[in-house]
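Okay, here's what each chain looks like letter by letter:
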Amino acid sequence: RAPATSSASDTSMPSDSFLGMSRQGTTGLANRAETTTDGCRPNAVPQAQELLKEISSFRHDNNEHRQKLAHAVEHLRHARDSDMRAPAGQSAAHTCSNCIKAIFEAAMRKNDEKDMGGALSLA
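Residues numbered from 1 in each chain as written. Predicted model: local features only at pLDDT ≥ 70, side-chain atom pairs only at ≥ 80, totals over all residues. Heavy atoms only, no water.

*Asks:* Provide a residue-level description of the packing of helix H5 (residues 63-77) against helix H8 (residues 113-122), including the pertinent values.
*Replies:* At a closest axis distance of 10 Å, the pairing of H5 and H8 adopts a crossing angle of 30 degrees. In terms of axis orientation, H5 runs roughly parallel to H8. Facing H5, whose interface residues are Arg 66, Leu 69, Ala 70, Val 73 and Arg 77, H8 presents Asp 115, Ser 121 and Leu 122. (Axes fitted to C-alpha atoms, helices over the stretch in contact; angles between N-to-C directions. Helix = DSSP H or I, 4+ residues; strand = E, 2+ residues; numbered from the N terminus. Parallel < 35°, antiparallel > 145°, perpendicular 65-115°, else oblique. Contact = heavy atoms within 4.5 Å.)

If you want it as structure tokens, here you go:
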């Protein structure tokens, strides 16, 4: 049986033209990576989008995919509220949610408490 996957087309990931930045573009925003006094980072959503783009066909059983998902979630936890209400933030949150759900459902099928806990900690 093939592993469950989640496609970017299912989660309405913004196109490259919408994102307006490549890997170099996000790296070029290093001066915006500093956390503000309220704990937010101005480039948190673009960084999360970049990671999510790399795992557009998410495999719940792939450790590299899980690590990138965890990093994307961490970026979103530091995003400004206004960025999270914007379409890009909503799309990134939706994509993360679908991936976390895939991990949790696979763990439930296997009765794997460790993976269930891992998925819940990401949520």
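*Asks:* Which residues make up the packing of H5 against helix H7 (residues 87-110), and what are the values?
*Replies:* One way to put it is that H5 packs onto H7 with a least axis distance of 10 Å and a crossing angle of 140 degrees. Classed by the angle they form, the pair H5 and H7 counts as oblique. As for how H5 packs across H7, the hand of that crossing is left-handed. Facing Arg 66, Leu 69, Ala 72, Val 73 and Leu 76 of H5, the residues of H7 in contact are Ala 92, Ala 93, Cys 96, Cys 99, Ile 100 and Ile 103. Here the contact of H5 with H7 is built from residues that sort into 10 nonpolar, no polar and 1 charged. (Left-handed = near helix turned anticlockwise from the far one by under 90°. Nonpolar A, V, L, I, M, F, W, Y, C, P; charged D, E, K, R; others polar.)

*Asks:* Tell me about the pattern of salt bridges, residues and numbers included.
*Replies:* According to the stated counting rule, one finds 8 salt bridges in the structure shown. Residue Asp 115 pairs with Arg 66 through a salt bridge whose shortest N-O separation is 3.2 Å. Here the residue Asp 115 occupies a position in helix H8, and Arg 66 occupies one in helix H5, the gap between them amounting to 49 residues. Residue Asp 115 is classed as buried on the basis of its relative accessible area of 14%. In this structure, Arg 77 engages Glu 74 in a salt bridge whose closest nitrogen and oxygen atoms are separated by 3.7 Å. Pair noted here: Arg 77 and Glu 74 are both in helix H5, with a separation of 3 residues, about one helical turn. Several salt bridges share partner residues, and in doing so they unite Glu 54, Glu 64 and Lys 68 into one network. (Salt bridge = Lys/Arg side-chain N within 4 Å of Asp/Glu carboxyl O. Buried < 20%, exposed > 50% of the residue type's maximum accessible area, 1.4 Å probe, protein only.)

*Asks:* An account of the side chain of His 75 is requested, with residue identities and associated values reported.
*Replies:* With respect to the element layout, His 75 can be found in helix H5. Every residue in contact with His 75, bar those within four places of it in the chain, is listed here: Arg 41, Ala 44, Gln 47, Ala 48 and Leu 51.

*Asks:* If you had to explain unusual backbone geometry to someone new, which residues and values would you point to?
*Replies:* In the Ramachandran plot, Asn 111 falls in the positive-phi region, its phi being about 55 degrees despite a non-glycine side chain. Residue Asn 111 is classed as exposed on the basis of its relative accessible area, which comes to 59%.

*Asks:* Help me get a handle on H5, residues and values and all.
*Replies:* Structurally, the α-helix is built with 3.6 residues per turn, so residues lying three or four positions apart point the same way. Counted at 1.5 Å a residue, the expected span for H5 with its 15 residues is 21 Å, and the 21 Å between its end C-alpha atoms agrees. Contacts from the buried residues of H5 go to helix H4 (44-54), strand E2 (57-59), helix H6 (81-85), H7 and H8. Sitting at the amino-terminal end of H5 is Asn 62, which places a side-chain oxygen 2.9 Å from the backbone nitrogen of Glu 64. (Expected span 1.5 Å × (residues − 1). Polar contact = N/O pair within 3.5 Å; in protein donor to acceptor, adjacent residues only side chain to side chain.)

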